[in-house]
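Fold and geometry: a report
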Amino acid sequence: PVSLKGRHLLTLKDYTSEEMHYLLNLAMDLKAKKRAGIQGTLLERKNICLIFEKTSTRTRCAFEVAAFDEGASVTFLTNSQMGKKESVEDTAKVLGRFYDGIEFRGFKQETVDALAKYSGVPVWNGLTDMYHPTQILADFLTIKEHVAKPLNKVKFVYAGDARNNMGNSLMIGAVKMGMHFVALAPKALWPSEALVAEMNAVAAETGGTIELSESIDAVKGADVIYTDVWVSMGEEHLFAERIKQLMPYQVNKAMLDATANPDVIFMHCLPAFHDLETTVGQEVAKNHGITEMEVTDEVFRSKHSVVFDEAENRMHTIKAVMVATIGNL
Ligand code: CP
Ligand code: NVA
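Residues numbered from 1 in each chain as written. Chains lettered and ligands numbered in written order. Predicted model: local features only at pLDDT ≥ 70, side-chain atom pairs only at ≥ 80, totals over all residues. Heavy atoms only, no water.

**A word on the overall build of the protein chain**
The line we're drawing: Starting at the N terminus, helices and strands are each numbered in turn, a helix being any DSSP run of H or I of at least four residues and a strand any DSSP run of E of at least two. Computation of the radius of gyration draws on C-alpha atoms, with the globule rule given as 2.2 Å multiplied by the number of residues to the power 0.38. Here the term buried applies to any residue with accessible area under 20% of the maximum for its type, exposed to any over 50%, and partly exposed to those in between, with areas from a 1.4 Å probe on protein chains only.
Scanning the protein chain from N- to C-terminus turns up twelve helices and nine strands. For 329 residues, the compact-globule formula gives about 20 Å, and the C-alpha radius of gyration of the protein chain, at 19 Å, lands near that figure. Taken along the three principal axes of its C-alpha coordinates, the protein chain extends 55 × 45 × 40 Å. Scored against the burial criterion, the 329 residues of the protein chain give a buried share of 56%.

Shown next, in the form of structure tokens:
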């Protein structure tokens, strides 16, 4: 039987497919329990620290609600001494004395790795420049709920910036689950050769496959079309370049039609740029003359789109991660 007691979640590279299935099944159980209105005790008397260097809606709220649902208390920390007056190492050693688990969202993967190394308690990556592992668990739970095939039969197409935290993490997760993963992007935005080589070695064991393509034809037969913002947090100077590189890969009706799969689902980790309802959207419209980027409003709001089920599943899967690693199981 699988036990994840005491483990960190820094990247899905560290998890086997069996361990990922275990987390997805636990998340399904916890979701059913919540739906039945049962208050949990699996995190009773646990204290959890949530460190955020970057903004968040879903990740922060998912950790907080998941913790409260199972009886834990949380501290939301955005203005600590860490990295300014105090090293990550010293901060980790202090927080490890107070808390049973620590979530970190921020700029550098090295920071979350150092927190894990020095805190002595499980550390969960809530997004860095390199990876966003809790998002992938939510995504795969959503696929299980919406695609009528086992995960290892799924053709998964990621269109957009395939070198960012989402591109990296989705490729890792997909390969671990034995999926056919397609990175659809201009060559300059394909995942790094080193990561592809590392994941091809894993694929040889799991039966997964990795395809890198610049051609929209690669979406044929896709079960899932996934995209993410073209410009990640901290890269706001790249709008002009990315719009030029990625406009041909916008997820629109023509791309969904090219899958030739009437049941194809559209996914996005959110937040998504598909209208002008935001200050950033209005800036981009003013400076670059476009009102939609990675996905059209038409596709975002279509019957193919499962983005809000996906967002909800952040909470159930993050709960599973905390319960599995620090819970009273
Ligand atoms: N998908 C995601 O991580 O959302 P937030 O940035 O709102 O946490
Ligand atoms: N790639 C995006 C993901 C947001 C959830 C970013 O890092 O901003």
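Having put the structure on the table, let's press on.
**What about the pairing of strand S2 (residues 73–77)?**
Filter applied, for reference: Paired strands, as defined in this entry, are two strands with at least two bridges between them according to DSSP. Clockwise travel from the first strand over the helix to the second, with the strands pointing away from the viewer, marks a crossover as right-handed.
Relative to S2, strand S1 (residues 47–52) is paired through five bridges, and the arrangement is parallel. Looking at S2, one finds that Leu50 is bridged to Phe76. Regarding topology, helix H2 (residues 58–69) serves as the crossover connection from S1 to the parallel S2, and that connection is right-handed.

**Notes on the sheet that holds strand S9 (residues 265–268)**
For clarity, the cut-off: To obtain each axis, a line is fitted to C-alpha atoms, and for helices this fit is confined to the stretch in contact; angles are then taken between N-to-C directions over 0 to 180 degrees. We call two residues in contact when some of their heavy atoms are within 4.5 Å.
Within the open sheet, the five strands sit side by side as S7-S6-S5-S8-S9. Their pairing is parallel. The open sheet is flanked by strand S7 (209–213) and S9, the only strands paired with a single partner. Averaged over neighbouring strand pairs, the angle between their axes works out to 20° when direction is ignored. Strand direction decides the pairing type here: strand S5 (residues 155–159) and strand S6 (residues 180–184), joined by five bridges, are parallel. Residue pairing across strands places Ala159 opposite Leu184, the latter belonging to S6. Where helix H12 (residues 307–326) meets the sheet, it contacts strand S8 (224–227) and S9, and its direction lies at approximately 45° from that of S9.

**Comments concerning the site of ligand 2**
Note the following rule: Nearness of a residue to a molecule or strand requires only that one of the residue's heavy atoms be within 4 Å of it. Here, Shrake-Rupley sampling with a 1.4 Å probe gives the accessible areas, and only protein chains in the shown set may cover a residue. A 1.4 Å probe that fits but cannot get out identifies a cavity on a 1 Å grid over protein atoms alone, an open set with protein on both sides within 12 Å along at least five of seven lines counts as a pocket, and a residue lines either if it has an atom within 4 Å of a point. For a cavity or pocket, the test is whether more than half of a molecule's atoms lie within 2 Å of its grid points; if they do, the molecule sits there. Note on residue categories: nonpolar means Ala, Val, Leu, Ile, Met, Phe, Trp, Tyr, Cys or Pro, charged means Asp, Glu, Lys or Arg, and polar means any other residue, Gly included.
The environment of ligand 2 is formed by Leu127, His132, Asn164, Asn165, Asp228, Val229, Ser232, Met233 and Leu270. Surface burial for ligand 2 is 94%, taken as the share of its 270 Å² of free accessible area covered by protein chains. Cavity membership is defined here by more than half of the atoms lying within 2 Å of grid points; on that basis ligand 2 lies in the largest pocket. Here the residues of the shell around ligand 2 sort into four nonpolar, four polar and one charged.

**Considerations on the nonpolar core**
To keep it simple, the criterion reads: Grouping buried Ala, Val, Leu, Ile, Met, Phe, Trp, Tyr and Cys residues that are joined through side-chain atoms within 4.5 Å yields what is termed a nonpolar core.
Of all hydrophobic cores here, the largest spans 95 residues; its most connected members are Phe140, Ile143 and Phe156. Among the elements that line this core, the one with the most residues is H12, at ten residues. For Ile143, the residues in contact, after removing those within four places along its chain, are Leu151, Val154, Phe156, Met179, Val224 and Met267. Val112, Ala114, Leu115 and Val121 belong to the second largest nonpolar core, which has 17 residues in total.

**Here we look at the UniProt feature "domain: Aspartate/ornithine carbamoyltransferase carbamoyl-P binding" (unreviewed entry) in the protein chain**
Where we set the bar: UniProt positions are given in the numbering used here, feature names are shortened, and annotations may be inferred rather than shown by experiment.
Under the feature "domain: Aspartate/ornithine carbamoyltransferase carbamoyl-P binding" (unreviewed entry), the UniProt entry names residues 7–145. Span residues 7–145 is 47% helix and 14% strand, its end C-alpha atoms 27 Å apart.

**Observations regarding the site of ligand 1**
Which entries qualify depends on this criterion: Two N or O atoms form a polar contact when they lie within 3.5 Å of each other; inside protein one atom must be a possible hydrogen donor and the other a possible acceptor, and for residues adjacent in sequence the pair counts only when both atoms belong to side chains.
Near ligand 1 you find Ser56, Thr57, Arg58, Thr59, Arg105, His132, Gln135, Cys269, Leu270 and Arg314, and these make up its full shell. Measuring from an oxygen atom of ligand 1, one finds a side-chain N or O atom of Arg58 at 2.8 Å. One nitrogen or oxygen atom from the side chain of Thr59 is found 2.7 Å from an oxygen atom belonging to ligand 1. When atom positions are compared with the pocket grids, ligand 1 is found to occupy the largest pocket.

**Describing the packing of aromatic side chains**
Operational definition: Each Phe, Tyr or Trp ring (for Trp, its six-membered ring) is paired with any other whose centre lies within 6.5 Å, and the angle between the two planes then decides the class: stacked below 30 degrees, edge-to-face above 60, tilted in between. Counting as a charge over the ring demands two things of the Lys NZ or Arg CZ atom: a distance within 6 Å of the ring centre and an angle within 35 degrees of the ring normal.
Here the structure, examined in full by the defined rule, presents seven aromatic pairs. Measuring from centroid to centroid gives 6.2 Å for Phe98 and Tyr99, while their planes differ by 45°, and the two rings are tilted. On the basis of relative accessible area, Phe98 is assigned to the exposed category, the value being 56%. What makes Tyr99 buried here is its relative accessible area of 13%. Its end group placed over the ring of Tyr15, Arg7 keeps NZ or CZ at 4.5 Å from the ring centre. Over the face of the ring belonging to Phe76 we find Arg60, whose NZ or CZ atom lies 3.4 Å from the ring centre.

**Overview of unusual backbone geometry**
Going from Leu270 to Pro271, the amide bond is cis rather than trans, its omega being 0°. Looking at the element boundaries, Pro271 is found in the loop between S9 and helix H10 (279–288). In the Ramachandran plot, Arg45 falls in the positive-phi region, its phi being about 65° despite a non-glycine side chain. Along the chain, Arg45 turns up in the loop between helix H1 (17–35) and S1. Judged by relative accessible area, which is 70%, Arg45 ranks as exposed. Although it is not a glycine, Ala260 sits at a positive phi angle of roughly 60°. Within the secondary structure layout, Ala260 lies in the loop between helix H9 (253–258) and S9. For Ala260, a relative accessible area of 55% translates into the label exposed.

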